[in-house]
Amino acid sequence: WITIERVLEVPDEDSPDDEEPTAEIILDVTDPDFDSGTGRQFYIKWINKSYSECTFEFERDLILNEVEYTDHYASYDKRKVKPTREDMKRRDKESDAQGRKLYKVFG
């Protein structure tokens, strides 16, 4: 599997919500701490694979295998933020207005 469809989850590292967990990534195979320097862990949905074939992958392994994951992680990071009440009200009004507009056009 080489191409990521989307990042489904990034398990928290028991850190405060305002602080991004910083897991050390060790790319040198000869380093004695190579096994512990895996970086973050991602739950990944691969392209052309079912959800039952999603896998947990370490950030270091994605880097070493030259798998592009940064855009997918940014998308995940954007999706995981819950909207505020004001955002939900604004979206509801926009969808109502869009529905009325479509009703006028298509009757």
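Here is what the cut-offs are and how they apply
- Residues numbered from 1 in each chain as written.
- Predicted model: local features only at pLDDT ≥ 70, side-chain atom pairs only at ≥ 80, totals over all residues.
- Heavy atoms only, no water.
- Patch = residues over 30% accessible without salt bridge, like charges linked within 9 Å, V, L, I, M, F, W, Y side chains within 5 Å.
- Areas by Shrake-Rupley, 256 points an atom, 1.4 Å probe, with all protein chains shown as cover.
- Salt bridge = Lys/Arg side-chain N within 4 Å of Asp/Glu carboxyl O.
- Buried < 20%, exposed > 50% of the residue type's maximum accessible area, 1.4 Å probe, protein only.
- Helix = DSSP H or I, 4+ residues; strand = E, 2+ residues; numbered from the N terminus.

Draft legend 1. Geometry of a nonpolar patch on the surface. Together, I25, L27, I63 and L64 give the surface a local cluster of nonpolar side chains, amounting to about 290 Å² of exposed area. Judged by its relative accessible area of 41%, L64 is partly exposed.

Draft legend 2. Examining the pattern of salt bridges more closely. Enumeration according to the criterion identifies 6 salt bridges in this entry. Of the charged contacts, one joins K45 and E5 as a salt bridge, the two residues approaching to 3.1 Å between their closest N and O atoms. With K45 in strand β2 (residues 41-46) and E5 in strand β1 (residues 4-9), the pair connects residues that are 40 residues apart, well separated along the chain. A relative accessible area of 4% means that K45 is categorised as buried. Assessed through its relative accessible area of 38%, E5 is described here as partly exposed. With a closest N to O distance of 3.4 Å, D77 and K80 form a salt bridge. Of the residues examined, D77 reaches a relative accessible area of 29% and is grouped as partly exposed. In this structure K80 comes out as partly exposed when scored by relative accessible area, which is 44%. Among the charged side chains, a salt-bridge network with shared partners connects D87, R90 and E94.

That's the geometry; what it means functionally is another story.
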